[in-house]
Amino acid sequence: DSGVTQTPKHLITATGQRVTLRCSPRSGDLSVYWYQQSLDQGLQFLIQYYNGEERAKGNILERFSAQQFPDLHSELNLSSLELGDSALYFCASSGTGTLGTDTQYFGPGTRLTVL
Amino acid sequence: GDSVTQMEGPVTLSEEAFLTINCTYTATGYPSLFWYVQYPGEGLQLLLKATKADDKGSNKGFEATYRKETTSFHLEKGSVQVSDSAVYFCALSDRYSNSGYALNFGKGTSLLVTP
């Protein structure tokens, strides 16, 4: 168990809808990252937050947004969903631990299915 | 930009065989290098890490050495078990401006170990 929690585990929705994925980082970690894993694109970095501030942006679509709250949990909002958004979405956190501040620990993921 | 290339799988080995999964990287600086493992239906688990040239990361019998001269970080294990069957990802820590960073992953190598 990495200490990173994600909810929900599974999400099934329809095209055009909006969903919110939630992540709680490991205790003491200030950085949260979001990744998308799909069969055709592999693991793609979406966005990083550090203590509430956006720090790095990867291949995140304009229809997607994220934020990190004062209690350090983060939410990833996906809107106007398309079939191609079906994927596993992982959250990771970093900051504490003996392996350095750039070592990321991953949650179990949220599997999103868009029908 | 920085990138990681892994050998394509699937790799099928008999129990107790020697494992090598090749990984090479392209980077302008000196990123940290990682191996993560994903068991079926689960999230990514950190396997090992190395931060500088000639560093060797090791965990659970797996080893990888950061080779700057060949820009490689090959994963090895002397004797694999059926329980090692999983997908293995090589990754590097990609630095962004504004002190952000993210993991840049290879496509993953599927390993199947048969009794």
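A brief look at the structure comes next. (Residues numbered from 1 in each chain as written. Chains lettered and ligands numbered in written order. Predicted model: local features only at pLDDT ≥ 70, side-chain atom pairs only at ≥ 80, totals over all residues. Heavy atoms only, no water.)

Considering the overall build of chain B
Where we set the bar: Helix and strand assignments follow DSSP, with helices taken as H or I runs no shorter than four residues and strands as E runs no shorter than two, numbered in order from the N terminus. All radius of gyration figures rest on C-alpha atoms, and the globule criterion is 2.2 Å times the number of residues raised to 0.38. We call two residues in contact whenever any of their non-hydrogen atoms come within 4.5 Å of each other. Areas reported as accessible are Shrake-Rupley estimates using a 1.4 Å probe. Residue values count occlusion only from the protein chains shown.
From N to C terminus, chain B includes zero helices and twelve strands. Tracing chain B from N to C terminus, the helices and strands come up as β-β-β-β-β-β-β-β-β-β-β-β. For 115 residues, the compact-globule estimate of 2.2 N^0.38 gives 13 Å, and the C-alpha radius of gyration of chain B, at 14 Å, lies within 12% of that figure. On the principal axes, the C-alpha backbone points of chain B span a range of 50 × 30 × 20 Å. Contacts spanning at least 24 positions in sequence make up 55% of the contacts within chain B whose residues lie at least 6 apart. Accessible area of chain B: about 5500 Å², with a carbon and sulfur share of 47%.

A closer look at the overall build of chain A
Going by this rule: Only protein chains enter the calculation, and the probe is 1.4 Å; a residue is then buried if its accessible area is under 20% of its type maximum, exposed if over 50%, and partly exposed in between.
Assigned secondary structure in chain A consists of zero helices and eleven strands. Taking 13 Å as the expected radius of gyration for a compact globule of 115 residues, we find that chain A reaches 13 Å, a close match to that expectation. In terms of overall dimensions, chain A has C-alpha extents of about 40 × 25 × 20 Å along its principal axes. When burial is assessed residue by residue, chain A has 50% of its 115 residues classed as buried. A separation threshold of at least 6 residues defines the contact pool for chain A, and within that pool the share at least 24 residues apart is 54%.

Structural notes on the state of the cysteines
All names here are of chain B. The condition that has to hold: Here, two cysteine sulfur atoms that lie within 2.5 Å of each other are counted as a disulfide.
Scanning the model with the defined rule gives two disulfides over all chains in all. There is a disulfide in this structure between Cys23 and Cys90, and the S-S distance comes to 2.0 Å. Because the torsion about its S-S bond is -65°, the bridge between Cys23 and Cys90 counts as left-handed. Taken together, the positions of Cys23 in strand 4 (residues 23–26) and Cys90 in strand 10 (residues 86–95) put the pair 67 residues apart, joining distant regions of the chain.

Points about the interface of chain B and chain A
The cut-off we apply is this: Put simply, buried area is the surface a 1.4 Å probe can reach on two separate parts but cannot reach once they are joined, added for both. Criterion for a salt bridge: a side-chain nitrogen of Lys or Arg within 4 Å of a carboxyl oxygen of Asp or Glu. Whenever two N or O atoms come within 3.5 Å, that pair is a polar contact, provided that in protein one can donate a hydrogen and the other can accept it, and provided that, for residues adjacent in sequence, both atoms are side-chain atoms. Under the scheme applied here, ten amino acids are nonpolar (Ala, Val, Leu, Ile, Met, Phe, Trp, Tyr, Cys and Pro), four are charged (Asp, Glu, Lys and Arg), and all others, including Gly, are polar.
Each partner contributes residues to the interface: chain B has 20 residues there, and chain A has 24 residues. Across the chain B to chain A interface the summed buried area is about 1700 Å²; carbon plus sulfur atoms make up 53%. Counting the surface chain B buries against chain A, the share from its top three residues, Leu44, Lys49 and Tyr101 of chain B, is 31%. A salt bridge links Asp102 of chain A to Lys49 of chain B; the nearest nitrogen and oxygen atoms lie 2.6 Å apart. Inspection of the chain B/chain A interface yields nine residue pairs in polar contact (both at pLDDT 80 or more). Listing elements by their share of the side of chain B that touches chain A, those giving two or more residues are strand 5 (33–38), strand 6 (44–50), strand 10 and strand 11 (101–105) of chain B. Sort the elements by how many residues they give to the side of chain B that touches chain A and strand 11 of chain B lands first, with four residues. Across the side of chain B that touches chain A, the residue classes break down as ten nonpolar, eight polar and two charged.

Quick word on the pattern of salt bridges
Across all of its chains, the model carries nine salt bridges over all chains by this definition. For Glu82 of chain A, the salt bridge goes to Arg63 of chain A, with nearest N and O atoms at 3.7 Å. Pair noted here: Glu82 of chain A is in the loop between strand 8 (74–78) and strand 9 (87–94) and Arg63 of chain A is in the loop between strand 6 (53–57) and strand 7 (64–68), with a separation of 19 residues, a long-range link. Put simply, Asp55 of chain B and Lys52 of chain B hold a salt bridge, and the shortest N to O gap is 3.5 Å. Within this structure, Arg63, Glu82 and Asp85 of chain A form a network of salt bridges that share partners.

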